[in-house]
Each structure stands twice: as structure tokens, then as C-alpha cells.
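# Chains, contacts and geometry: an overview
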Amino acid sequence: MTDHAPAAAPVDNLAAAFQIEGWPVRGRLVRLGEAIDEILSAHAYPEPVAGLLGEACALAALVGSSLKFEGRLIVQAQGDGPVRYVVADYDTAGHLRGYCRYDADEVEAVSQGFSRPGARTLLGQGVFVMTLDRGPDFERTQGITPIEGESLSLAAEHYFEQSEQVPTKVRLAVGTVSSGYGPTWRAGGALIQLIAGDAARGSTEEVWDRSRALFQTLADDELIDPTVPPETLLFRLFHEDGVRLEDARPLKAQCRCSKDRIATVLTSFSEEDRAEMVEDDGKIRVTCEYCASVYELEPAEIGAG
């Protein structure tokens with residue numbers, strides 16, 4: 001029998017937990033390269049919209065990768081601003097997908113400044129939603145809070161404060177880096193949460209203050225730099241205190257659309273509505289709003305013929 005060495009932990013397109021030695025703080029780190037580039041490149045998103053969707057995908061992976069059951073986490077924000085809604089969908093197999101709906105003229109109008117408009121400017125007044133889906137045998141659970149702060153990370157922190165009463169800090173970053181194929185999208189995210197004090201542990205506030213101060217030094221370019229491995233990034237933040245990466249899981253862009261799913265959705269339309277969808281060559285074509293795949297169906301396949 002041949003011994004096989006354990007598989008090396010991924011260094012990119014991963015979600016992982018981390019622990020700071022002896023601290024009542026838990027954390028998670030996400031790095032996205034090809035996975036986020038595939039999601040954002042599927043549509044000709046304006047740069048601010050792509051940035052917002054990239055942040056939502058990083059956040060979905062940050063939170064979803066901590067789930068202890070098989071299922072999905074859906075991060076969604078919607079409002080009355082130039083971006084009508086943004087949604088990112090993570091399943092516990094490590095698959096990510098995401099989509100934005102927006103008004104291009106309105107996005108351009110709010111993008112005239114020197115910096116990228118943030119989530120509040122893009123989404124306007126609205127709500128931030130996290131949904132847990134454990135599959136058809138369970139009811140979905142959902143938490144909803146108003147969009148607070150200019151960034152999606154602040155909206156997430158507010159969500160954890162209001163819905164779960166867990167002190168949380170979140171950093172999200174999205175940008176492009178040069179490659180042999182031209183600029184490619186990258187995204188990263190990090191999260192720390194306080195573990196509540198108890199009789200044995202005592203007060204944890206002082207340690208939390210120190211954790212937040214160190215966490216605030218994390219720069220956006222560090223989160224998305226492909227030349228900085230996750231362990232190096234964490235060492236830069238917490239090296240004096242000892243930090244270790246745990247349970248690294250690979251992430252990939254993967255949509256759940258299929259021809260059968262599209263056909264099932266179309267059966268919910270009336271025969272008259274389906275007849276209007278038939279194009280000049282006698283076929284119905286549907287484009288997935290997530291991955292932009294185009295499905296071509298014969299009307300007879302969905303009972304429209």
C-alpha cells in the first residue's frame with residue numbers, strides 16, 4: 001500500500017477559519033481569484049457595480065463557510081438606489097454565484113467622484129438580508145436589517161449586532177490585478193467576532209479592543225494581493241500573539257442553472273406567455289441572470305407547442 005501525503009491547503013479561492021492563540025476571538029478569511037473573476041466577467045458590469053457584487057460574494061463565503069450543516073447562505077441587499085438589488089449565493093460545497101440588477105444611467109450619475117461609490121450610495125434606502133436554506137425538508141430562516149453605513153461591511157456588522165448580538169468586524173475588498181490575460185478581478189474578506197466572556201474567562205472587552213485595533217490595520221490591497229499567502233497576511237496582523245489558519249476550504253464559481261431547471265420555470269407561465277417567447281426560428285431562448293449561460297429550448301419540451 002502506498003502512503004499518500006495529505007492534500008495541501010489551497011492558497012487562493014479559499015475560505016478558512018483562524019484562531020489567535022489564547023484570545024477569545026474567532027475569525028475567518030476569504031481569498032478569491034479565478035472564482036470571482038468568472039462571476040464578475042460574466043456580465044459587463046460598471047466598475048462600482050462589479051465591486052459591490054464582489055464584496056457580496058466575499059461576504060457570503062465568509063459567513064457561509066462557517067455553517068455546520070449542508071445548505072446555502074444567501075446574502076442580499078436591495079433598495080431604491082441605482083442598484084436595485086445585489087445577491088450572492090454560497091453553498092456548503094464551496095460553490096459561489098452572484099448577480100446585480102441596476103440602472104446603468106443612474107450608476108454613472110453617482111460615479112463621477114474620485115472614489116468608488118459605496119453600498120449605501122448604490123443601493124439607497126433599503127434592507128440587508130441573510131437567508132439560511134437547509135434544503136426542502138426545512139423552513140428557510142432569514143434575518144433582515146436596514147442598510148447602515150456606506151459600505152457592505154458596515155451593513156454586515158450592523159446585521160450581526162442587531163440579529164445575533166455578536167460583536168463583529170468585517171473587512172471586504174475588491175479590485176483588479178494585472179495578469180498575462182489583462183486585468184482580472186480579485187476579492188478578499190476577513191471577519192473577527194468576540195467570544196463572550198464568562199466566569200472562567202472573565203471580561204473580554206480589553207482583548208476585543210486590541211483585536212479591533214489590529215484588524216483595522218488590514219489594507220484592501222493586502223486582502224486581494226495574489227502574492228501574499230493567507231498565512232502571511234494573518235502573521236502580519238497578529239504575529240506577536242500567534243495565529244493559525246484552520247479548515248481551509250476551496251471555493252469556485254458554479255451556477256445551479258440547467259436546461260431542466262429553465263424548462264421547469266417556464267412551465268409556470270401560461271401557454272399564451274410561452275407562445276410570445278418563441279423566436280423567429282421557432283425556439284425559446286433564456287439567459288441565466290447569474291452566469292449569463294443561454295439555454296435554447298424547443299416549445300414542445302415545455303409543452304408550449
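Remember, predicted model here, so these are calculated numbers, not experimental data.

Read across the sheet, 6 strands follow the order 7-6-3-4-5-11 without closing on themselves; strand pairing throughout is mixed. The strands lining the two open edges of the sheet, one partner per strand, are strand 7 (141-146) and strand 11 (252-253). As judged from the 2 bridges shared by strand 5 (residues 95-102) and strand 11, these two strands associate in the parallel manner. Looking at the pairing, Leu 96 lines up with Ala 253 of strand 11. Those strands touched by helix 5 (residues 152-164) are strand 6 (126-133) and strand 7, and its axis lies near 115 degrees from that of strand 7.

The relative placement of two packed helices comes down to the angle between their axes together with the axis-to-axis distance. Running from N to C, helix 1 (residues 34-41) and helix 2 (residues 47-64) cross one another at 135 degrees; their axes reach a closest spacing of 10 Å. Taken together, the axes of helix 1 and helix 2 lie oblique to each other. With respect to the hand of their crossing, helix 1 and helix 2 are arranged in right-handed fashion. Contacts from Ile 36, Ile 39 and Leu 40 of helix 1 reach helix 2 at Ala 50, Leu 53, Gly 54 and Cys 57. The residue makeup of the contact of helix 1 with helix 2, split by class, is 6 nonpolar, 1 polar and no charged.

The next subject is the sheet that holds strand 1 (residues 14-20). With antiparallel pairing, the 5 strands of this open sheet are ordered in space as 8-9-2-1-10. Two strands close off the open sheet at either side, each with one partner strand: strand 8 (168-179) and strand 10 (243-250). Shown here is a sheet whose adjacent strand axes are inclined to one another by a mean of 15 degrees, direction ignored. Relative to strand 9 (residues 182-194), strand 2 (residues 25-32) is paired through 8 bridges, and the arrangement is antiparallel. Within strand 9, the residue paired with Leu 29 across the bridge is Ala 190. Contacting strand 1, strand 2, strand 8 and strand 9, helix 2 runs over the sheet at an angle of about 125 degrees to strand 8. Against the sheet, helix 8 (residues 230-238) makes contact with strand 1, strand 2 and strand 10, and its axis sits at roughly 150 degrees relative to strand 10, the strand it touches most.

What counts as what
- Residues numbered from 1 in each chain as written.
- Predicted model: local features only at pLDDT ≥ 70, side-chain atom pairs only at ≥ 80, totals over all residues.
- Heavy atoms only, no water.
- Pairing = 2+ DSSP bridges.
- Helix = DSSP H or I, 4+ residues; strand = E, 2+ residues; numbered from the N terminus.
- Contact = heavy atoms within 4.5 Å.
- Axes fitted to C-alpha atoms, helices over the stretch in contact; angles between N-to-C directions.
- Parallel < 35°, antiparallel > 145°, perpendicular 65-115°, else oblique.
- Left-handed = near helix turned anticlockwise from the far one by under 90°.
- Nonpolar A, V, L, I, M, F, W, Y, C, P; charged D, E, K, R; others polar.

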